[in-house]
Amino acid sequence: MLHSEGGRVTRALTASIYLALLLVLLVTTFYPSQVEGVSVAFMLAIKLVPLLLFLVPVFRGDNRGYIWLSFVVIFYFTQATVSAWLSEGEPKFIVLATLSFALFVMAMIHLKVNRPPSTS
């Protein structure tokens, strides 16, 4: 539920970063090459299902959903950061780390802007 006009803007920005992160996760499953001997469906499920659980809350602008999304995105950021460090700065991991960080920050901004009105 949106409580302010600024919430509409932050919801749209969060949704666009969310979709970009999903897209990059999808593309990096197939490019530059697939991992041999592993089911593609299994890899996609491991990568995407935790984020896809938040599809409805992200597009509704639901504050509680954004809070839980932030917890989950921290794991994606950690994995991307460790992979970027171990691969000595491979661009796909830097992009994933940047997008997950941006999603976390934008979700926090949305929560700040979209506070419910006080009843006092």
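Quick summary incoming for the structure in this document. (Residues numbered from 1 in each chain as written. Predicted model: local features only at pLDDT ≥ 70, side-chain atom pairs only at ≥ 80, totals over all residues. Heavy atoms only, no water.)

### Regarding a nonpolar patch on the surface
A surface patch of nonpolar side chains, about 420 Å² in accessible area, is lined by Leu19, Leu52, Leu55, Val56 and Phe59. Per-element accounting of the nonpolar patch gives the leading share, 3 residues, to helix α3 (residues 55–60). Mapped onto the elements of the fold, Phe59 is located in helix α3. (Patch = residues over 30% accessible without salt bridge, like charges linked within 9 Å, V, L, I, M, F, W, Y side chains within 5 Å. Areas by Shrake-Rupley, 256 points an atom, 1.4 Å probe, with all protein chains shown as cover. Salt bridge = Lys/Arg side-chain N within 4 Å of Asp/Glu carboxyl O. Helix = DSSP H or I, 4+ residues; strand = E, 2+ residues; numbered from the N terminus.)

### A look at the environment of Leu51
Looking at where Leu51 falls in the secondary structure, it is placed in helix α2 (residues 40–52). Look past the residues within four positions of Leu51 in its chain and what remains in contact with it is Tyr18, Leu21, Leu22, Leu25, Leu69, Val73 and Tyr76. (Contact = heavy atoms within 4.5 Å.)

### Structural notes on unusual backbone geometry
A positive phi is found at Glu88, a non-glycine position, where the angle reads about 60°. Its location among the elements puts Glu88 in the loop between α4 (63–86) and α5 (91–113). Here Glu88 falls in the exposed class, since its relative accessible area comes to 74%. (Buried < 20%, exposed > 50% of the residue type's maximum accessible area, 1.4 Å probe, protein only.)

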